[in-house]
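The primary structure of each chain is shown beneath.
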Amino acid sequence: MGRSAHDAQKILQINLNSKNNGVNKRVIELDIEACFDRINHSSIMDNLIAPTGLKLGIFRCLKAGTNVGFPDQGTPQGGVVSPLLANIALNGIESIHSYNTRCNKKGIPTGDHKEPSIRYADDMVIILRPEDNAEAILSDISEFLAARGMKVSEKKTKVTATTDGFDFLGWHFKVQKNGKFRSTPSVENYKAFRKKIKTIINNSNYGSTHKAGKLAPVVRGWRNYHKYCKMDGSRNSLYFIQKRAYSVFNRECKQNRDSSKTLLNKAFPTVSYSENKHINVKGNKSPYDGDLSYWSERHSKLYDGQTSKALNRQNHSCTSCGLKFVGDEGIHLHHSDGNHHNWKRNNLVAIHETCHDYIHMSKAQA
């Protein structure tokens, strides 16, 4: 719990860097054939550890009639509960391939126990050392999946050398011949993003100002997702897409070069990049373990600028209610004196979104 795709990216970087001899390793790109359509309902309910009410709700989701031809198989693909159900069904598949880092002269394991497999819902890659037998591992995985009503897709599952590169979670991972680990946005991910951007830019129903407003969250989201990748070069820096957007903005009769440049900066917000610098969640920590200080501080790192500075000054606590910043609630920057033009340090405090609404609601009623 509390993990993200960036944690999976970091685990790959740790296992495939030069210190761990990543240049000589291979990867199994595992694809499960029709995963969400063939998950066995009985295996999910047998492995599910939850209160009776929650188990009943999940059972009803499974029996909602999404797969009429196979009433005892499948989950609603695209539904909010599908990733959870896939995690329940596939829990334990990561432990099939594991080894100890060191053994003594008698062959008794003495080092750390490693499970070099990364799974995100039904997407999975398995890292192999030169001495590992890929066929034996795939055979064990097939047995594991068969008990749950699923099977490995022989067409899409393949063993790839790390020096040849592979795609996972929208990234392309590759170990260069000098041992350097690189991750960049995958070609498919970039094409899908570019198609979405071009649809907005070329839409004649929108004016330039409206286009800039619709482009900003799309670009910011894409850049934030790839913020730990190598993002230099004209493609990943979006140079040509920005050039096209500027020409479309400047073509509008209401715009000039200066206003078009301002709109371009609004449409393509910058995001700071730090290649391979993501910090993973510690060990087995969970948002539900009661460690509010740890999760509040980690959640606060999603913010930058004045908000980040205010959070550090306040020890990641809300100045209005005194509680830590946890959960999905947003953090707002509040001007203590009510003057939104006063951006002095001592006038800015970070508070919960609901606390911010309550403060301004009280002022309006007064």
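Here the structure is a predicted model, which is why all the values come from computation and not from measurement. (Residues numbered from 1 in each chain as written. Predicted model: local features only at pLDDT ≥ 70, side-chain atom pairs only at ≥ 80, totals over all residues. Heavy atoms only, no water.)

Asker: Any details on the confidence of the model for the chain? Residues and values, ideally.
Answerer: Of the residues in the chain, 89% reach a pLDDT of 70 or more, and the chain-wide mean stands at 82. When mean pLDDT is taken per element in the chain, helix α7 (residues 187-201) scores highest with 93 and helix α2 (residues 35-38) scores lowest with 66. (pLDDT = per-residue confidence, 0-100. Helix = DSSP H or I, 4+ residues; strand = E, 2+ residues; numbered from the N terminus.)

Asker: Which residues make up the sheet that holds strand β1 (residues 26-30), and what values go with them?
Answerer: Spatially, four strands are ordered β4-β5-β1-β6 in an open sheet, and the strand pairing comes out antiparallel. A single partner strand is all that each edge strand has here, and the edge strands are β4 (117-120) and β6 (158-161). In this sheet, neighbouring strand axes are inclined to one another by 20 degrees on average, regardless of whether the strands run parallel or antiparallel. Alignment of β1 against strand β5 (residues 123-128), held across five bridges, turns out to be antiparallel. Residue pairing in the sheet places Glu-29 in a bridge with Val-125 of β5. (Pairing = 2+ DSSP bridges. Axes fitted to C-alpha atoms, helices over the stretch in contact; angles between N-to-C directions.)

Asker: Tell me about the environment of Lys-180, residues and numbers included.
Answerer: You can see Lys-180 is positioned in the loop between β8 (171-175) and β9 (181-185). Spatially, the C-alpha atom of Lys-180 lies 6.5 Å from that of Asn-17, the residues being 163 residues apart in sequence.

Asker: Go over the pairing of β5 with me, naming the residues and quoting the values.
Answerer: Of all the six residues making up β5, five are buried; the element is thus mostly covered by neighbouring parts of the structure. What sits between the antiparallel neighbours β4 and β5 is a turn of two residues, in which Ala-121 has the positive phi angle 60 degrees. (Buried < 20%, exposed > 50% of the residue type's maximum accessible area, 1.4 Å probe, protein only.)

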